[in-house]
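# Structural characterization, general
Letter by letter, the chains look like this.
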Amino acid sequence: MNAIIQVRELAKSYLVRERRGFFSFQNRRVHALTGVSFEVQQGEFFGLLGRNGAGKTTLLKCLTTLISPSSGSARVNGFDVGAQAAQVRASLGCMLAGERGLYWKLTGRENLAYFAALHGLRGARQRRAIERVSARLGLEEHLDRAVETYSSGQRMKVAVARALVHEAPILVLDEPTNALDVHAARDLRLLLAELCREGRTVLFSSHVLSEAEQLCDRVAIVDRGKIVAIDTPARLAGDQQQLGVLRLRGQFSERGVQAVRELPLVRRVRLDTSERGTVLSIASDNVQAAAGPVISALVALGSTVEDVELSAAKLEQAFLELTIEPDSSFEQRANASRLES
Amino acid sequence: MSAPSAARAVLAVASNHLRMMSRTPFYLLMDLALPLLIAAVPMLLGRSFAGPGASSAFSANTGTNNPFLFMLLGSTQFVLVGGALFNVGSWVRRELQAGTLESVFATPNQRVTIVLGVCVYGLLKDLAILVVSLSVACLVLGARSFDLRVVAAIGWMVLGAIPTYAMAVAYAALVLQLREVSALTQLLQGATGLLMGVFFPVEILPKPLQVLAWCFPPTWSIHGMRSLLLGMSWRLGALERDLSVMLALAVIFPVLALLLFRRAEEKLLAAGGFGGL
């Protein structure tokens, strides 16, 4: 295999100005990425997963030369993102701002022609490229209307077409199925899978885990600017299955949860609160052996357990396990769970 | 990137902007009509204050007995300078907000070529404005005959537009960092209108402002056009000397503007990119 994207110890930090008063500000340094290293192979469908603010978009912008890294290095299609930015950009088809990156007063065709021209396509080559990509995305009948008259899904399609029009070897898509309805999202997923089968490399970010599970050869889970796991979706989910997850439904006291966290067989504990009640998920190397002590500890410290289950872990499970703050307080966890739910 | 590729990118950007302008034709109509409308105001004001003797008083102060053309050249240059700031500075802001700046800057072109494309579009529009203004003034209103000097004045304006657009590129660099444009554009437009002597000779400004005014390319541009079309004296006594200054400005200002833009680009790349609002 041949690595088409190579990222080594990439870091990005910048100053954020925070308002402290009417005229006063304070600068705070934000570490958006820290020590990120990974490779994407040619023809691979690679996903970046993470919650909002995890650093996915910053990473994509570093790779598309829209942000310069603070340290580390990255090569795209053999070119350095710092020293050979123009060659890097020529190797990429980008969709980073979704439907926002289009000229709404222009027609879909004019938008595509403009971006094709900026990639050096002219005349008959440009016309053929636009015809090919619009046929592929089913855009032909809308192509001569102003983009401002399009539906959200149609605009997203034009944005995707814009990324495809110059036939770059690497596609970089930031949450491409956002704002698409179920059918349009499925169509786009099928198209991306097809493009990947044809030999294009796809790097995309998402927080839709089922999408990544379905499409990606490998995924990197990004959390607080770091890659916390990188593997195939099946293996990431499989790791969690080997680990074993005990799910308890009931009412849980903070002391009870703390006691469970300190049990020797317990690796991770997460509390989720939703309309259907509170669920305590416990990952353990030996879930059968851990179940008894866990329940005993909870009940002894004022918790009630209504239901017990051992669930088959999936990518979502792995994602949640890997991105939850290990030492956050009970309340923070409960709040985070509420927000997520 | 090779020079032909860069030139093609510049043309692609300029033609894209012309295409977008065609979708908002009233903006073009406004730009074409504004110089004449703006020039009419001080003309009528002068008449209402000074009566029939207005022209002779004006002639004594300016060295020309053609106040209408004096005003029109001033108002045209005012519209052109405002347009340059608006076309380039506001363009950056608009596209930053629309998300298109990031899309365009993700193409394999030097980012400054994209900005140059916008400047070329602005220049073409300016040329149209000036040609229409002078044609109406000469052929319809009879302000003077439409001869070779008018063509020379248009050429002078194009030369003056180079440092003016360089200033606009520097302004765009500022907008990219400040992310604030409307009030700043109007403030700059007002200040430049005052400094370049839109409706009056620069010589009536206080001395410190005069020094500032002659550091400012549009002042040379407007004065040169007035010298060509109204027979007013050249600033440095001869066409060749004023032309040398214009040529120097047309070299120095773009170099400074490109350096400023590059610096702003580097700062933005380090700070967080082109995608925010």
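Anyway, here's the lowdown on the structure attached to this text. Please read all numbers here as calculations on a predicted model, not as lab measurements.

Thresholds, definitions, all that
- Here the residue index of a chain counts from 1 through its sequence in written order.
- Written order determines the labels here, with chains lettered from A and ligands numbered from 1.
- Per-residue local features are limited, in this predicted model, to residues with pLDDT of at least 70; the limit for side-chain atom pairs, both in listing and counting, is 80 or more; totals at the level of whole chains, interfaces and linings are taken over all residues.
- Derived side-chain values reflect all non-hydrogen atoms in the structure, with water molecules and hydrogen atoms excluded from consideration.
- In plain words, nonpolar cores are sets of buried Ala, Val, Leu, Ile, Met, Phe, Trp, Tyr and Cys residues tied together by side-chain atoms within 4.5 Å.
- The buried label goes to any residue with under 20% of its type's maximum accessible area, the exposed label to any with over 50%, and the partly exposed label to all in between, with areas taken from a 1.4 Å probe on protein chains only.
- Secondary structure elements follow DSSP: runs of H or I no shorter than four residues count as helices, runs of E no shorter than two count as strands, and numbering proceeds from the N terminus.
- We call two residues in contact when some of their heavy atoms are within 4.5 Å.
- Strands are treated as partners if at least two bridges between them are detected by DSSP.
- Fitting a line to C-alpha atoms yields each axis, with helices limited to the stretch in contact; the angle taken between N-to-C directions then spans 0 to 180 degrees.
- Buried area is understood as the total, over both parts, of accessible area removed when two parts are fitted together, assessed with a 1.4 Å probe.
- What makes a salt bridge here is a side-chain nitrogen of Lys or Arg within 4 Å of a carboxyl oxygen of Asp or Glu, nothing more.
- Polar contact criterion, stated in full: a pair of N or O atoms within 3.5 Å, where within protein one must be able to donate a hydrogen and the other to accept it, and residues adjacent in sequence count only if both atoms are side-chain atoms.
- When residues are sorted by character, Ala, Val, Leu, Ile, Met, Phe, Trp, Tyr, Cys and Pro go into the nonpolar class, Asp, Glu, Lys and Arg into the charged class, and all the rest, Gly among them, into the polar class.
- Within this scheme a cavity is a closed region of a 1 Å grid, computed over the protein atoms alone, that accommodates a 1.4 Å probe without allowing it to escape, whereas a pocket is open but has protein on both sides within 12 Å along at least five of seven lines; lining residues each have an atom within 4 Å of a point.
- Grid points are joined across faces, edges and corners, and a volume is the space filled by probe spheres set on the points.
- Here a patch means residues that are over 30% exposed by relative accessible area and free of salt bridges, tied together within 9 Å if like-charged and within 5 Å if nonpolar (Val, Leu, Ile, Met, Phe, Trp, Tyr).
- In short, Shrake-Rupley with a 1.4 Å probe defines the accessible areas, and a residue's cover is counted only from the protein chains shown.
- When charges are counted, Lys and Arg contribute as positive and Asp and Glu as negative, whereas His and the chain ends are disregarded.
- Where a charge sits is defined by one atom per residue type, namely NZ (Lys), CZ (Arg), CG (Asp) or CD (Glu).
- Crossings are sorted by hand: turned counterclockwise from the far helix by less than a right angle, the near helix makes the crossing left-handed, and turned clockwise it makes it right-handed.
- Aromatic rings from Phe, Tyr and Trp, with only the six-membered ring used for Trp, were paired whenever their centres fell within 6.5 Å, and each pair was classed as stacked if the ring planes differed by under 30 degrees, edge-to-face if by over 60, and tilted otherwise.
- Here, a charge over a ring is recorded when the distance from Lys NZ or Arg CZ to the ring centre is within 6 Å and its angle to the ring normal is within 35 degrees.

This brings us to the nonpolar core. Counting residues in hydrophobic clusters, the biggest one holds 116 residues, and the most contacted among them are Leu69, Val88 and Phe274 of chain B. No other element matches helix H7 (residues 148-178) of chain B, which puts 16 residues into this core. When near neighbours in sequence (up to four residues on either side) are disregarded, Val88 of chain B contacts Gly83, Val115, Val118, Cys119, Tyr165, Ala168, Val169 and Ala172 of chain B. The next biggest cluster of nonpolar side chains, apart from the first, holds 46 residues, and it includes Ala113, Leu173, Leu191 and Leu209 of chain A.

Residue and element names in this part refer to chain A. The 6 strands are arranged E6-E7-E8-E3-E9-E10 in an open sheet whose pairing can be described as mixed. Each of the sheet's edge strands pairs with one partner strand only, and the pair in question is strand E6 (92-95) and strand E10 (226-231). Going across the sheet, the axis of each strand differs from the next one's by a mean of 15°, ignoring polarity. Two strands pair when backbone bridges link them, and strand E9 (residues 218-223) and E10 are joined in this way by 5 bridges, in the antiparallel orientation. Along E10, the bridge assignment pairs Val219 with Asp231. Against the sheet, helix H5 (residues 152-164) engages E6 and strand E7 (170-174), with an angle of about 165° to E6.

In this section: the interface of chain A and chain B. When the parts of a complex come together, some accessible area is lost, and that lost area is often taken as the interface size. Across the boundary between the two partners, chain A contributes 29 residues, which contact 33 residues of chain B. Buried surface at the junction of chain A and chain B, both sides included, amounts to about 2600 Å², of which 57% is carbon and sulfur. Inspection of the chain A/chain B interface yields 2 salt bridges. The salt bridge partner of Arg23 of chain B is Glu110 of chain A, with a shortest N-O separation of 2.6 Å. Here chain A is connected to chain B by 16 residue pairs in polar contact (both at pLDDT 80 or more). Within the residue set of the side of chain A that touches chain B, elements represented by two or more residues are strand E1 (3-19), helix H2 (85-90) and helix H3 (108-118) of chain A. Taken together, the residues of the side of chain A that touches chain B break down into 15 nonpolar, 6 polar and 8 charged.

Okay, empty space enclosed by the protein next. All chains considered together, the criterion is met by 3 cavities of 30 Å³ or more. Quantified by volume, the largest cavity comes out at close to 130 Å³. Along the walls of the largest cavity sit 15 residues, with Cys94, Phe115 and Arg162 of chain A together with Ser103 and Ala106 of chain B positioned nearest its centre. Mapped onto the lining of the largest cavity, the elements with two or more residues apiece are E6 and H5 of chain A together with helix H5 (100-105) of chain B. The dominant element in the lining of the largest cavity, judged by the number of residues it contributes, is E6 of chain A, at 3 residues. Here the residues of the lining of the largest cavity sort into 7 nonpolar, 6 polar and 2 charged. Taken as a whole, the second largest cavity spans an internal volume of roughly 60 Å³. As for the second largest cavity, its lining consists of Phe70, Met196, Phe200, Pro201, Val202, Glu203, Ile222, His223, Arg226 and Met232 of chain B. With 3 residues, the single largest contributor to the lining of the second largest cavity is helix H10 (residues 217-230) of chain B. Classifying every residue of the lining of the second largest cavity gives 7 nonpolar, 1 polar and 2 charged.

Next up on the list: the pattern of salt bridges. All names here are of chain A. By the definition in use, this model includes 23 salt bridges over all chains. In this structure, Glu175 engages Lys56 in a salt bridge whose closest nitrogen and oxygen atoms are separated by 3.7 Å. Of the two residues, Glu175 sits in the loop between E7 and helix H6 (182-197) while Lys56 sits in helix H1 (residues 56-63), which places them 119 residues apart along the sequence. Across the pair, Lys56 and Glu175 agree in class, each one buried. One salt-bridge network, held together by shared partners, links Glu18, Arg20 and Arg28.

Among the surface-exposed residues, Leu139, Val140, Leu141, Phe146, Leu148 and Val151 of chain B lie close enough to one another that they form a single nonpolar patch of about 640 Å² accessible area. By the secondary structure assignment, Leu139 of chain B is in helix H6 (residues 111-140).

What follows covers a positive patch on the surface. Together, Arg122, Arg125, Arg127 and Arg128 of chain A together with Arg8 of chain B make up a region of like positive charge exposed at the surface. At 3 residues, helix H4 (residues 123-137) of chain A tops the list of elements feeding residues into the positive patch. Mapped onto the fold, Arg125 of chain A is located in helix H4. Classification of Arg125 of chain A as exposed rests on a relative accessible area of 53%.

Turning to the packing of helix H4 (residues 67-98) of chain B against H7 of chain B, a few remarks are in order. Residue and element names in this part refer to chain B. Relative to each other, H4 and H7 sit at 35°, their axes nearing to 9 Å. When the axes of H4 and H7 are compared, the crossing they make is right-handed. Residues Gln77, Leu80, Val81, Gly83, Ala84, Leu85, Asn87, Val88, Gly89, Val92, Arg93 and Leu96 of H4 touch H7, and the partners they reach there are Met157, Thr164, Tyr165, Ala168, Val169, Tyr171, Ala172, Val175 and Leu176. A class-by-class count of the residues in the contact of H4 with H7 yields 15 nonpolar, 5 polar and 1 charged.

With that settled, consider the packing of aromatic side chains. Per the counting criterion, the structure on display carries 9 aromatic pairs over all chains. Seen from their ring centres, Phe38 of chain A and Phe46 of chain A are 5.2 Å apart, and the 10° between their planes marks the pair as stacked. Like Phe46 of chain A, Phe38 of chain A is buried. Where Tyr103 of chain A meets Tyr114 of chain A, the ring centres are 5.6 Å apart and the plane angle is 70°; that geometry is what we call edge-to-face. Of the two residues, Tyr103 of chain A is situated in the loop between E6 and H3 and Tyr114 of chain A in helix H3; the sequence distance between them amounts to 11 residues. Among the residues examined, Tyr103 of chain A registers a relative accessible area of 5% and is labelled buried. Above the ring of Phe25 of chain A, the side-chain terminus of Arg17 of chain A is found at 4.3 Å from the ring centroid. When the ring centre of Phe70 of chain B is taken as reference, the NZ or CZ atom of Arg226 of chain B above it lies at 3.5 Å.

Treat this as a map of the structure, not an account of what it does.
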